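So the chains spell out like this:
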Amino acid sequence: LRRPAKTPQTSPCLRTQVVFCGGVRSLGAIGQTAKMTTGPQRFKASSRATMRRMFSMEADRRTQGQIGAKLSPGVAVIFMLNSLTGLSLLTLPYGFSQAGLLLGAVLLFVCMGMAFVTATFMCEALTIANALTYEEAECQVIKNNPELLEELTREYRSNAAERPKAENADASKPSLAEGLLGKIKSVSSDALQDFCDEVRDTNPESEFKIRERVELGQMGEMVLHGKGSHWVATAIYLMVVSFTYGTACALAVTVSTSMAHTYCSAVSFIGDTSECDADKAYKYCVIVSFCITLPLCFANLQKTKNFTIVIMVFRFIAIATMIAVGGYKAVGRLQEEGSVTVLSQVPTWEPENFMAVFGNAVFLFGIHHYLPSMISPLEPQRLAPRVIITAFLSCYLVILVVCVTASIAWGGEAHSQCSVDLGGHFCKVQPLYNLNFAPLPWLGGSLAIFITAYPSMAIASIPIAAITTRNTMARWLGIVLPGPDNPFTPTNVFMTLAVLMPPSIIALITKDVQAVIQYVGGYAGLTVAIICPLVLLVRLRHLLKLDTPKEKERHTDRPLKSPFGNRCGYAFVVLFYLVALSLVTKKLFFTLPVAAR
């Protein structure tokens, strides 16, 4: 129903304002909810606290993906940093050494900015997906209370006489409530729709509250149905599965490579003079990794919080150590050779090698399929955009420091690969940066073994990536998987092997983790991070008619509403996606490879 326009009161701009096609918005107001002025109250029940409590209880009862323990903003930033500073922190120094420090910094910043824009799309889409559940709960409560429905119908008829004829003529259009209530008379469903709109106006914090985790593929199922839309949902599932497959492949290569180099370093550490065959050790490590991760895919990994915290602590220690050692080496080289000589050897802008950074950058910030799990436990939820941008900027600065120190510290080395012997020769920046520290003799070589080995702990992430891929594929194909109490069913075993074997086979074929990341990040990662959130937001807004002029005026300050969710924002995101896709395709398939530095 169309109703007289309401004039919302926007919150005062407390911080720097941003003009982004469609009006001036405050960065400080992102994710916050201001008080709104609504029209005259039409239904007495809309202001009853008991009624709102009943709606919330029914909505909570309908939730499926339970959120679990709440997270404070600080803890949420740390856990998000843990996800961001994984594989990409080891692969980006090599990318910077190929594309140049300045071009690498620019590309990384641009990808971070676009990822943040579409992350706000995901946050809003998550609130609207939960609002759908809330409105279904409203309809169910009212349907189970005939007296309340009669009261709403009576008040609706009383108010109808006061509406302009043009507005009443619009009441014949089908509504969401009419579909939910089925056989209820049209006037009752119109009354219910009007009532739901009033509840949405007066209580947006409750309606758009995140009560359950709705994963990216599940959102596609919710809104992409019917003619012409099913293939879009299928494409979203395909991209998510491809991206998680690629993540598992990159993890398998990284873990096996680190395990093999750790073994060779340990052999040298104990004083064994026999030469270590790194290639043979790598293949054995791929097989060992598969044998370790296969049984873990059938275990209940829901209670691994303590183990995750241990890995996170070791990861942050390793990152700090790499920065300290790289900085020490960089300063020593600057003092020995002179800053002018050293900096002249560091590449700054090599556009023909942009994919060395771009694929890694998309892989780094493309965590949108994990955002529902990261944002849902946050308390207060309105701070989600601040948590995301804080984690993104912190990660950007850390990686920038790592890449700058790596380019300066190892830029003058002549060897293409480092020695596995303690005290041996160093080398140029490696595709996996931790391998640059293998010859480090500090602390009797224990520091070198720690830095070389720590990526091997990512073996705990392979089952998580495999389980995510398996569950997504099963939901896509309509296969019902068993619970954790009975995991060894033929279907579950087959699906697990179908997910886990391809990454292991690819790891046996190639050790080039950069190639895996460039193809996966350049296509599946780019689509999951840029296009999927946009499509879901547009369709979810359409489902609740939130993009109509009247709704835009009434719900300017919905919780977690994206400030970039307008036509210019959509056009800019699509343009970026098309340009990036064209450049990636040209580079990967129509450009002769450039010799690595």
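Reading guide: rules and limits
- Residues numbered from 1 in each chain as written.
- Predicted model: local features only at pLDDT ≥ 70, side-chain atom pairs only at ≥ 80, totals over all residues.
- Heavy atoms only, no water.
- Helix = DSSP H or I, 4+ residues; strand = E, 2+ residues; numbered from the N terminus.
- Buried < 20%, exposed > 50% of the residue type's maximum accessible area, 1.4 Å probe, protein only.
- Areas by Shrake-Rupley, 256 points an atom, 1.4 Å probe, with all protein chains shown as cover.
- Axes fitted to C-alpha atoms, helices over the stretch in contact; angles between N-to-C directions.
- Parallel < 35°, antiparallel > 145°, perpendicular 65-115°, else oblique.
- Left-handed = near helix turned anticlockwise from the far one by under 90°.
- Contact = heavy atoms within 4.5 Å.
- Nonpolar A, V, L, I, M, F, W, Y, C, P; charged D, E, K, R; others polar.
- Patch = residues over 30% accessible without salt bridge, like charges linked within 9 Å, V, L, I, M, F, W, Y side chains within 5 Å.
- Salt bridge = Lys/Arg side-chain N within 4 Å of Asp/Glu carboxyl O.
- Polar contact = N/O pair within 3.5 Å; in protein donor to acceptor, adjacent residues only side chain to side chain.
- Disulfide = S-S within 2.5 Å.
- pLDDT = per-residue confidence, 0-100.
- Expected span 1.5 Å × (residues − 1).
- Arc of directions from axis to C-beta.

Draft legend 1. Main features of the overall build of the chain. Each helix and strand counted, the chain has 23 helices and two strands in total. The 597 residues of the chain split such that 53% are buried. With the model as given, the accessible surface of the chain reaches about 26,600 Å², and the carbon-plus-sulfur share is 63%.

Draft legend 2. Quick peek at the packing of helix α19 (residues 461–477) against helix α20 (residues 490–509). Closest axis-to-axis distance for the α19/α20 pair is 9 Å, and the angle between their directions is 120°. As far as their axial angle goes, α20 and α19 are oblique. In this structure, α19 meets α20 at a crossing whose hand is right-handed. Here α19 contributes I462, A466, T469, R470, M473 and A474 to the contact with α20, which in turn contributes N492, M495, T496, V499 and L500. Among the residues forming the contact of α19 with α20, the class breakdown is seven nonpolar, three polar and one charged.

Draft legend 3. Here's a closer look at a nonpolar patch on the surface. The grouping of I309, V310, V313, F314 and I317 at the surface amounts to a nonpolar patch, some 370 Å² of accessible area in total. You can see V313 is positioned in helix α13 (residues 305–337).

Draft legend 4. Here's a closer look at the side chain of S206. The residue S206 is located in helix α9 (residues 204–207) in this model. Residue class for S206 comes out buried when judged on its relative accessible area of 13%. Of note is the side chain of S206, whose polar atom sits 3.3 Å from the side chain of S56. With residues near it in sequence (within four places) discarded, S206 still touches S56, Y134 and R211.

Draft legend 5. Summary view of the state of the cysteines. Here the structure, examined in full by the defined rule, presents two disulfides. Each disulfide pairs two cysteine sulfurs, and for C264 the partner residue is C276, the sulfurs being separated by 2.0 Å. Looking along the S-S bond of the C264-C276 disulfide, the torsion reads about -55°, which is the left-handed sense. On the criterion of sequence distance, the pair formed by C264 in helix α11 (residues 230–269) and C276 in the loop between α11 and α12 (278–296) is long-range, its members being 12 residues apart. Residue classification places C264 among the buried residues on the basis of a relative accessible area of 2%. Across a sulfur-sulfur distance of 1.9 Å, C418 and C427 are joined as a disulfide pair. Across the disulfide from C418 to C427, rotation about the S-S bond amounts to roughly -85°, and the bridge is consequently left-handed. Overall, the relative accessible area of 0% leaves C427 in the buried class. For the unlinked cysteine C139, the closest cysteine sulfur is that of C196, found at 4.5 Å.

Draft legend 6. Representation of the side chain of T472 in the model. With respect to the helices and strands, the residue T472 is situated in helix α19. Take T472: its relative accessible area is 14%, and that puts it in the buried class. With residues up to four places along the chain from it excluded, the contact list for T472 reads Y237, V240 and V241.

Draft legend 7. Structural context of the confidence of the model for the chain. Here the chain averages 83 in pLDDT, while 83% of its residues score no lower than 70. Element-level mean pLDDT values for the chain span from 34 in strand β1 (residues 17–19) up to 97 in helix α17 (residues 384–410). Below pLDDT 50 for its whole length, residues 1–38 participates in 86 contacts with residues either more than four positions away or in separate chains. Segment residues 166–185 is flagged for pLDDT under 50; beyond a separation of four residues in sequence, or across chains, it makes 33 contacts in the model.

Draft legend 8. Representation of α12 within the structure. Counted at 1.5 Å a residue, the expected span for α12 with its 19 residues is 27 Å, and the 27 Å between its end C-alpha atoms agrees. Taken together, the buried positions of α12 are occupied by A281, Y282, C285, V286, S289 and T293. Buried residues of α12, viewed axially, fall in a sector of 150°; they line one side. For α12, the exposed residues lying more than 90 degrees away from the buried face are Y284 and C291. Check the buried side of α12 and you find it contacts α11, α19 and α20. Capping the start of α12 is the job of one residue whose side-chain oxygen sits 3.3 Å from the backbone nitrogen of D279: D277.

Draft legend 9. A look at the pattern of salt bridges. Within this structure, the stated rule accounts for 14 salt bridges. The partner of R558 in a salt bridge is E124, and the shortest N-O contact between them spans 2.9 Å. Taken together, the positions of R558 in the loop between α22 (549–554) and α23 (567–589) and E124 in helix α4 (residues 101–143) put the pair 434 residues apart, joining distant regions of the chain. For the pair R558 and E124, one class covers both residues: buried. In this structure, the salt-bridge partner of D279 is K511, at a minimum N-O distance of 2.7 Å. Placement of the pair is D279 in helix α12 and K511 in the loop between α20 and α21 (513–543), with a sequence separation of 232 residues. Owing to a relative accessible area of 45%, D279 belongs among the partly exposed residues under this scheme. Owing to a relative accessible area of 39%, K511 belongs among the partly exposed residues under this scheme. One salt-bridge network, held together by shared partners, links E58, R61, R62 and E136.

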